[in-house]
Amino acid sequence: MRIAVTGSIATDHLMVYPGRFADQLVDGHLARVSLSFLADTLEIRRGGVAANIALGLGRLGLRPVLAGAVGTDFAEYRRWLEANGVDTGLVHVSDTLHTARFVCTTDTDQNQIATFYAGAMAQARLIRLETAARHADGLDLVVVGPNDPVAMLRHTDECRALGVPFAADPSQQLARVGAEEARRLVDGARYLFTNAYEAALLRQRTGWTREEILARVGTWIVTAGPDGVTINGEGGPDLVVRAVPTARAQDPTGVGDAFRAGFLAGAAWDWPPEDSARLGCALATVALESVGTQEYKLSAADLLIRIEETYGTAAAARIRTRLSEVL
C-alpha cells in the first residue's frame, strides 16, 4: 500500500516545568490569565504531525510519501526523513517563510501548554496530490492531517475527485474550522482519527451525533491516552484496545502520531483493526519513553514483548512474521 501523509512539518521546542499547571490557576481569576513557567530543560527536536506519522511508517518499511510545506531551513531535516524511509518528493519549500515551530511546555502531570507558529505551512495549499496519484504506483490512501486549513480542505476534495481513500485526522485544527468545513473534512473518510476531547469537539463543530458521524465514515478510532483506544464502526460493537503500560514515561508529544503510524501500517498489511490498534499502542508507548517525537528506536523483539505482555501470546503470534520482516 502506498500512503501519502499530508499535514504539518515542524521543529519542536520542548520544555519541562517541574510543577503542576493546575496549582497556578486561581478560581475566579481565569478570565484574565498572565502566567510564566520557569522550565528546567529545553529540547529542540524535529516534529510536525505529518512528518512524525510518515517517519513511523518509514521505519516500518512502508516508504510513505510526505506532503507538506517547509522553509529553506529544511535541508538537514529532509536528509533525516529520507534516511528513515520517507519519500519527500511532494514537500513544498518556501523561499520566504521559516518551517513551522511548535513550542510546548509539559508539567509533572504530563499536561501541556503549547503554541504553534504556522510559517511556511500556509503554503501547503499549493501542493497537488494528483502527481502522486497519477504515478505508476498510484496512491492507496491519503492521510489528511492537521495543516493549513485551506490545504486540508483541498486535499480532502482532491481525494474525492481522484477516487483515493483518505484518513481524516483534523486534530487541533478543529478549533479553526466552521461547521461546513468540519463536515467536509470527515465525510466519506475510510478512517477518522480523534482523541476523546476532539471527538466531543467534532460532534459540536459538525452538529452531527455520534451515530451520524459513524454513518459517514468507515472506522472511527478514538484515542484516550493511558485508557487505550476505542474503534468504532457503524452497526457493530465498539472494540476497546487497552494501552501498553510503561513506568518510564518521558514526553507525551507525538505519542498519538506514533499510534497512527502503527495503526496505518497494520491497515496496509490487511490486519484486522484490533491488531492494527495493538501495534499502534505499542509504538505509542515506545515514543512516550523518549524525549522528542522521532527519537525512539524500534525493534521487532521489543514490540513483540510489549504486545505479548499486554495482549497475550496469540496476538503476538499473529503479527510476529510481519514485524520480523520489516524490523
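The structure under discussion appears in the preceding block.
The following paragraphs examine the structure supplied in this document. Model, not experiment: these values are computed from the prediction.

1. A look at the overall build of the protein chain
When you go through the protein chain residue by residue, the secondary structure sums to 11 helices and 14 strands. Relative to the 2.2 N^0.38 estimate, which gives 20 Å for 327 residues, the radius of gyration of the protein chain is 19 Å and therefore close to what a compact globule would have. Its C-alpha atoms give the protein chain principal-axis dimensions of roughly 55 × 50 × 45 Å. Within the span of the protein chain, comprising 327 residues, buried residues form 52% of the whole. A separation of at least 24 residues holds for 68% of the contacts in the protein chain among residues at least 6 apart in sequence. Carbon and sulfur atoms make up 50% of the accessible area of the protein chain, which amounts to about 14500 Å² in all. If the 32 positive side-chain charges of the protein chain are averaged to one point and the 39 negative ones to another, these points end up 3 Å apart.

2. Side note on the nonpolar core
By size, the foremost hydrophobic cluster in this structure holds 60 residues, and its most contacted members are Leu 57, Leu 66, Phe 259, Leu 279 and Leu 323. Filtering out sequence-adjacent residues up to four positions away, Leu 323 remains in contact with Leu 60, Trp 269, Leu 279, Ala 300, Leu 303 and Leu 304. One finds Ala 4, Ala 67, Ala 132 and Leu 201 within the second-largest nonpolar core, a separate group that totals 36 residues.

3. Considering the sheet that holds strand E1 (residues 3-6)
Taken together, eight strands build an open sheet; the order of strands is E4-E1-E9-E10-E11-E12-E13-E14 and the sheet is mixed. For this open sheet the edge positions go to strand E4 (65-67) and strand E14 (239-241), each flanked by a neighbour on one side alone. Sheet twist, expressed as the mean angle between neighbouring strand axes with direction ignored, is 20°. As paired strands, strand E9 (residues 141-144) and strand E10 (residues 166-168) are joined by three bridges and run parallel to one another. In the sheet register, Val 143 faces E10, and the bridge partner there is Ala 167. Across the face of the sheet, helix H8 (residues 255-268) comes into contact with E1, E9, strand E11 (191-195), strand E12 (219-223) and strand E13 (229-232) while running at roughly 160° to E11.

4. A word on the packing of H8 against helix H9 (residues 273-288)
It is at 7 Å that the axes of H8 and H9 come closest, and there the two elements cross at 145°. Note that H8 runs across H9; the crossing there is right-handed. Of H9, the residues touching H8 (which contributes Val 255, Ala 258, Phe 259, Ala 261, Gly 262, Phe 263, Ala 265, Gly 266 and Ala 267) are Pro 273, Ser 276, Ala 277, Leu 279, Gly 280, Cys 281, Leu 283, Ala 284, Ala 287 and Leu 288. Of the residues in the contact of H8 with H9, the class split is 15 nonpolar, four polar and no charged.

5. Describing unusual backbone geometry
Although it is not a glycine, Arg 63 adopts a positive phi angle of roughly 50°. Residue Arg 63 is classed as partly exposed on the basis of its relative accessible area of 40%. If you check the backbone angles, Ser 171 has positive phi at about 50° while not being a glycine. By the secondary structure assignment, Ser 171 is in the loop between E10 and helix H5 (179-186).

6. Focus: the packing of aromatic side chains
The full count for this structure, using the stated rule, is eight aromatic pairs. Members of the aromatic cluster, each reached through a chain of ring pairs, are Tyr 191, Phe 193, Phe 259 and Phe 263. The ring of Tyr 296 is capped by Arg 59, whose NZ or CZ atom sits 4.9 Å from the centre of that ring. The ring of Trp 208 is capped by Arg 216, whose NZ or CZ atom sits 4.0 Å from the centre of that ring.

Rules used throughout
- Sequence order as written defines the numbering, with residues in each chain counted from 1.
- Thresholds applied to this predicted model are a pLDDT of at least 70 for local features of residues and 80 or more for the giving and counting of side-chain atom pairs; totals over whole chains, interfaces and linings are not thresholded and use all residues.
- To get the side-chain values, all heavy atoms of the structure are used, and hydrogens and water are removed first.
- What counts as a helix is a DSSP run of H or I of at least four residues, what counts as a strand is a run of E of at least two, and both are numbered from the N terminus.
- The globule rule used here is 2.2 Å times the number of residues to the 0.38 power, and the radius of gyration it is set against is calculated over C-alpha atoms.
- Buried, partly exposed and exposed residues are distinguished by accessible area as a fraction of the type maximum, computed with a 1.4 Å probe on protein chains only: under 20%, between the cut-offs, and over 50%, respectively.
- Note on contacts: a residue pair qualifies if any of its non-hydrogen atoms lie within 4.5 Å across the two residues.
- Residue-level accessible areas treat just the shown protein chains as cover; the underlying method is Shrake-Rupley with a 1.4 Å probe.
- As used throughout, the charge tally considers Lys and Arg to be positive and Asp and Glu to be negative, leaving His and the chain termini uncounted.
- By convention, the charge on Lys lies at NZ, on Arg at CZ, on Asp at CG and on Glu at CD.
- Only buried Ala, Val, Leu, Ile, Met, Phe, Trp, Tyr and Cys residues count toward a nonpolar core, and they belong to the same one when joined by side-chain atoms within 4.5 Å.
- Should DSSP find at least two bridges between two strands, the strands are taken to pair.
- To get an axis, fit a line to the C-alpha atoms, keeping to the stretch in contact for a helix; angles then go from 0 to 180 degrees between the N-to-C directions.
- Left-handed describes a crossing whose near helix is turned anticlockwise from the far helix by less than a right angle; the clockwise case is right-handed.
- Ten residue types, Ala, Val, Leu, Ile, Met, Phe, Trp, Tyr, Cys and Pro, are classed as nonpolar, four, Asp, Glu, Lys and Arg, as charged, and the remainder, Gly among them, as polar.
- Ring pairs are drawn from Phe, Tyr and Trp, using the six-membered ring of Trp, whenever the two centres fall within 6.5 Å, and their geometry is named by plane angle: stacked under 30 degrees, edge-to-face over 60, tilted for the rest.
- By definition here, charges over rings are those cases where NZ of Lys or CZ of Arg is within 6 Å of the ring centre and within 35 degrees of the ring normal.

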